[in-house]
Structures are given as C-alpha cells and as structure tokens.
Amino acid sequence: MLGDFRRELASLFEQRVRELYDLGHIAIVEIPPRRDLGDLALPGALQLARELKRNPREIGEEIAADFPRPDWVSEIKVQGAGFLNVYLDRGRVAAGILSAPLLDAGDRDEKIIVEHTNINPNKAAHIGHLRNAVLGDVLARVLRSLGHQVEVQNYIDDTGVQLADVIVGFLDLRGLSAAEIAALDEPFDFYCWDLYSEVGRWYEEDDARLGYRRQTLRELEHDEGERAEIGHLVAQRIVKRHLETMARLGISYDLLTHESAILGREFFTRAFEQLRERQAIRREEQGKNAGCWVMPLAESEEFAGLEDPDKVIVRSDGTATYVGKDIAYQMWKFGLLGRDFGYRLWEETGLWQTVADDGAEHPPFGTADRVINVIDARQSYLQKVVRVGLERLGFDTQAERSIHFAYEMVSLSTAAARQLGFLTEDDDDEAGGLEMSGRKGIGVKADDLLDQLVDKSREEILARNRELAGPQLEELAVEISTAALRFFMAKATTTRVIAFDFDEALNFEGESGPYLLYSLVRVGNIWRRLAEEGLEAEITPDQVAALPAELWQDDLWDLVYAVAQTGGRVRAAGETLELSLVARHALDLAQKLNALYHKHPILQESDEQMRAVRLATTHVFAAGMRTLCDLLGLPTPERM
RNA sequence: GCGCCGGUAGCUCAAUGGAUAGAGCACCAGACUUCGGAUCUGGCGGUUCGGGGUUCGAGUCCCUGCCGGCGCGCCA
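Residues numbered from 1 in each chain as written. Chains lettered and ligands numbered in written order. Predicted model: local features only at pLDDT ≥ 70, side-chain atom pairs only at ≥ 80, totals over all residues. Heavy atoms only, no water.

S.K.: I'd like a rundown of the domain arrangement of chain A, residues and numbers included.
M.R.: What the domain assignment lists for chain A is domain 1 (2-88), domain 2 (435-506) and domain 3 (513-632). If you average the C-alpha positions of domain 2 and of domain 3, the two centres end up 27 Å apart. Counting from both sides, the interface comprises 11 residues of domain 2 and, opposite them, 12 residues of domain 3. Around 890 Å² of area is buried between domain 2 and domain 3 when both sides are counted, 64% of it from carbon and sulfur atoms. Area buried by domain 2 at its contact with domain 3 is led by Phe487, Ala490 and Lys491, which between them contribute 49% of it. Along the contact surface separating domain 2 from domain 3 lie zero salt bridges. Inspection of the domain 2/domain 3 interface yields three residue pairs in polar contact (both at pLDDT 80 or more). (Domains from an automatic or database assignment. Contact = heavy atoms within 4.5 Å. Buried area = accessible area lost by both parts, 1.4 Å probe. Salt bridge = Lys/Arg side-chain N within 4 Å of Asp/Glu carboxyl O. Polar contact = N/O pair within 3.5 Å; in protein donor to acceptor, adjacent residues only side chain to side chain.)

If you want it as structure tokens, here you go:
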C-alpha cells in the first residue's frame, strides 16, 4: 500500500517538474523524521535549486500549487527549506492494513538455496553457531514471505580434521570400541566437547600422535576401515544432537548435505575436469606448491596484494582442498555439475540427507537460481575464491548470484569469560572479549544457555503468581526462552561482533524477545476483557474507514503508520540481508504500543467512537506484530 | 604488508545522504482506587576517533591518519 503511494507521488512530482521547468527529474520520496513534517516527503525542490539557481523554498511553493491530490492524501504542505510534505488519510491507511496482508508476496518464483548452521559434527553447538542458525532461519522465512522458493541446506563436514580428532580421542586416547561409543550416555555432544579439547592437548604432548589424525583422515576420505565406521557413528549421533538443539528454537532444514557424499559421488572429479578444460587451474612444477593444482588469483583485482597469489585446489597427494570441494558443491547447487547426490530420509522425519550410493526415491534438490551461504565473516576470503572459481569456469551469472551472507562472530564478554572460568580476575580486560574456540573448549554450549533461559522464564512466570504448572508452565517457559534467544541474535547488526554477556542475554526487559511477546499479550488481554464486559472486541475495515478523521490522534497514528511501513522494511531486509531491520521494526511497534497502552485506556473509555479508534489501533498493531514474529520465528503465547 | 569489519551517551547499540543524532541497560525521581508493573513518564548523560574533501545538506560518501577485531595455509 505505502509502496504504491510512494510510486504515485514520485510520478506526480516528476510530471509537475516537467510541466513547470521542462526538466527530467527523478523524484525521491522519503519518510520524514518527525510527524509534524508529514507522512511522506519530497525533497526535490532542494535538488532543483542549484540547477534553476533559485530559492528552493520558492520552487517548492511553485510545485505544490496545483499539485494533483490523490484521494488517499489529506494535505500537502511546503515546509522547511522547501520540502514538499504529504499527509495521508489516516483512517484509510488503518483500514487498508486490516483488509489485506502486510506482506505482498509478489509473483517471483526464483528458487534460492540457503545454507546455514554447518556445524562440524564433533562437539556440542555453541552460541556462535546459534547466531548462524538464527540468521539463516530468519533469512529463509523472510525470503519465503517475499515469494521466493527456498531450500534450506545444512552442510555436514563428516570427513574433516575436526571429526578425525574426536575419532582419535575415542580410539587412541580412550581406547573405546565402536560398541562402547554407541553405548555412551547422552548428551553425547557434551562428552565430545570435552574429549575434543583433550585431544588437542594430547597432540601437543607428542607430535608423533598427529600420525593418528593422518591415518584417520585417510580412512574417512576413502570411507573404509574401523575409523571411518566410527566416524559415521560419531557424526550421526552428534548431528542428531545438533538437530535437537536447533529444534528447540524452531529451526529445521530441508536437506543435510554430507561431505562424504560429495566425495563418494566424485563431485570434485567432475569439477576438476571442467576447471582443467577451462584452464582455470594449472599444475605447479616447482616452487613451494610443486605437485599441486593451483588457481592463480593474481589477475583478479579483488585479490591484489596477496602474498601468495595462487590458491591450492588439489594437494600434491592428489586430494582436493576445502575450496576445491566447495567449488564442486556450489556448482551442484546451481545445477552446473551434471551429477547428483543419492538421497535418503533422515531417521524417518521429513528431513532428507545426501548419501554416496543411489539412495531412494526423493523430491528434487539443488539447481537454484540464487545461492546464499550463511557463513561467518572470517571465511570471506574462501567464499570469494569459490565465486571466482565459478567465474573462471565461465559461469558469470551464477558467480554473481553466489552470495556470502557474512556475519561477525560471537565472542565472550570479559564478564562471561570470568564467570565461566576462562579468565581469572587477574587477567586484564580484553577489548572485545574472548574468542570462542572449540579446540580449546572455550565457549558457551547452546543447550546450556537455552536451559538457563528456560529456568529464567519459569522463574519470571511464577513470580507473576500465575496458577500455571506442569506441562503448560514448561511449554510457556520454552516459548518465552525461544523468543528471548532468537530476538537477541536477530536484533544485532550482522557486521558487528557480539560480545556475549549473560546479563544481557537473560534480561527480559527493554529490548528483548519477551518485551515483544508481552505487547501482543496485552492487546489480547484487552480484547478478552472487552468480550467479558459484553463490548465489541472486533472491528471491520469498513467501520475503521468510517471513523471521523479527527479521532486519529497523532500518537495513535504513529503506531498505525509504523505498521504500514512493515512491508517496506521486510523487503529492505531481504534485499540488503540486514535482518536486524525486521527485529528493530518489531521493537519499534512494541514500544509504541506500550506507550499508548498507558495513555489510551479502552475499557474505561465511555465514548464509543473513541473506543473504536483505539480498538482499531490495537488490531492494526497485532497485524503488524504477528507478521513480524512469524518472520523472526518468535512464538506468540496468549498469556504470559 | 595487503584485505574485510568496527570506532556514536558510563555500558551495549540505532540512525534508506535530509530537517532538533535516538533506544535499551545502569543510576536518580515518579505512575490515577490500573485493559497485568516482563510496562510507562521524567531526569542524568554527545566535539558521532582526529584531519582534509565532495554536496544545497555528511554520523553516513571520498582521501588520509590513529585505535580495536578478523582474515590472507597442500586446516576447514
């Protein structure tokens, strides 16, 4: 709705400029910073001032005189230096919000693959992984709401060093058999968390032990022997735990892509043929990369200044590097490889996984128009190499549509690091906190944090003397904790490092998930009480449109207008990949609602029309807030 | 050395190139015989890291310097 208004105003303005000055002009339509400056603003006169060598205010007045007035406009004024400020018909906008969905999906049917989570299957998920998964999940929801077809993939590196190290831990450090490993109690991922960091220390004691790692990697790569078998077992159990952790937050996937399947289906062999044919890679005969196949990067401007301008794609022992495999995988995602995975269901749920053999009957996967990889910013360099790889193969459009959704990492605040014993009181404050490290066992496990959030939620519910107990209490506590965590991760700008702090994450006041939920619960309470009093809790768009214009006081309108901007905000979030826009907009709505709540009581209002306009505002708010909660994946309990 | 990201209130952070730079936390003072106080109102708090430039207009764009984080492997 608002988008249409803006487009129409722009074209009317351009027409006026053409009539008056015979100039081609591209009109900008802005939302003014303050309410008294109108609802939409055109700063065109300021831009024209120079060209026409005239006072901008004068130009503004001239354009405003005889400016055509669409019926959704209530007033047009020239203000400030010459801004053309447009005031909307408030009731009409409110009624519009109640009569149509806030997000119009459009008719694009582009298929987008979103890859996220991607946790190494060798230890418990930590809070850094939660940032990735929440961003990926919200992104998928936003893209779907914009009408795209989205396939969510979670990449499992089940042949890499990290998994190998835990296998070494089980076999060579602990001396456990496969049966004993299978019999270990849950939480298995917690057990591995400790084992993994122990293996790191064990290697340091004696370099020769790294031989176990090499042997394990070899067996994993060829999928043969006891170590590979244990690798499957460990990866299976860990992935299961990761999926459970993510399910606690309402995060799910369409497909688990196993690196073992990429190897087993010889994806890289196929990619390698193409890379060689197109001369994107060359074999190095001498120097430090002798015997390797490398991709020369020197000629690309974006790699200017690299110490070593060549990226190794195939090692001297003939195996593919991570980047090599990733290029092959990326080609498959676009349907450029001419080869496919086998697929099988993951433990009989609706989730599929790739397998090396031919698998079972399955729905189609891959072959997307656009690929978005949610991977932290530390991997920007490698993601860039993957994209260049596609370019060198001649797939320019696909390279362009290979998007690295880069977000900054999560570190531990100094306070959190001290609480967990990773820093002592004597350690100096480290700027930006302490970096998490799975290898060193430094971090906050996702499930531990979620448990704390559930405890805190339960405590808060009980403090409000609700007669709630048993499963209902637990369900609500889980919903509130989910909202707290998801909102905490979603509100952060992606380009900023999060210094994780317990006090901040566990705070349910102010800018928090529970604050959002509470605002919706409040309007629900109003409606319920109205019904109890025998008053009307519903209102139709026609009734809203018929309300006298002067009833739409400024503060009510502020909220209505904010809701009207929801569609534009969500579109901007999807286009710029700055998902915090969605979270911040939700926060804005909640703050406005809560302010009104105290100022404009509904139940005690005796004037029927006054009550109706306030009631209409609550419905407009709920429409906006529910939409945003869905996008953010926040549950919306009726009471809390 | 080169590249990417940050530097805004005591702290954590907002601000599609636009009008008087805003929130939350913390601190202080308040909120009607209240639709639930997980709330609200007010107060305190700013040389937007420094220096140039572009622009009618710069926290925002360009150049430069400084500070912090992260990358730049035959690891992933």
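S.K.: For the pattern of salt bridges, give the residues involved together with the corresponding values.
M.R.: Counting across every chain of the model gives 45 salt bridges. Put simply, Arg458 and Asp455 hold a salt bridge, and the shortest N to O gap is 3.1 Å. Of the two residues, Arg458 and Asp455 both sit in helix H17 (residues 446-463), three residues apart, roughly one turn of that helix. Given the relative accessible area of 23%, Arg458 is considered partly exposed. Through salt bridges with shared partners, a single network forms among Asp189, Arg241, Glu244, Arg248, Asp447 and Asp451. (Helix = DSSP H or I, 4+ residues; strand = E, 2+ residues; numbered from the N terminus. Buried < 20%, exposed > 50% of the residue type's maximum accessible area, 1.4 Å probe, protein only.)

S.K.: Give a description of the sheet that holds strand S9 (residues 310-314) that names residues and reports values.
M.R.: In space, the three strands of this open sheet follow the order S7-S8-S9, with antiparallel pairing throughout. Looking at strand neighbours, the two that pair on one side only are strand S7 (282-283) and S9, the edges of this open sheet. Across the sheet, helix H12 (residues 267-277) touches strand S8 (293-296) and S9, and the angle it forms with S9 is around 135°. (Pairing = 2+ DSSP bridges. Axes fitted to C-alpha atoms, helices over the stretch in contact; angles between N-to-C directions.)

S.K.: So what's going on with helix H2 (residues 44-52)? Which residues, and what values?
M.R.: Burial in H2 covers these residues: Gly44, Ala45, Leu48 and Ala49. One face of H2 carries all of its buried residues, which in axial projection span an arc of 145°. Its buried side turned inward, H2 meets helix H1 (2-21), strand S1 (40-42) and helix H3 (56-64). Positive phi shows up at Lys53, right after H2, with a value of about 55°. (Arc of directions from axis to C-beta.)

S.K.: Account for the sheet that holds strand S2 (residues 73-79), naming residues and giving values.
M.R.: One open sheet accounts for three strands, arranged S1-S3-S2; its pairing is antiparallel. The open sheet has two free edges, formed respectively by S1 and S2, since each of these has just one partner strand. Geometrically, the sheet is characterised by an average inter-axis angle of 20° between neighbouring strands, direction not taken into account. Across six bridges, S2 lies against strand S3 (residues 83-88) in antiparallel orientation. Bridging across to S3, Lys77 finds its partner in Asn85.

S.K.: Describe the pairing of strand S4 (residues 111-115), with residues and values.
M.R.: Counted residue by residue, S4 has five buried out of five residues, so it is predominantly covered. Tracing the backbone out of S4, into helix H5 (residues 127-145) and back to the parallel element strand S5 (residues 149-156) gives a crossover that is right-handed. (Right-handed = clockwise from strand over helix to strand, strands pointing away.)

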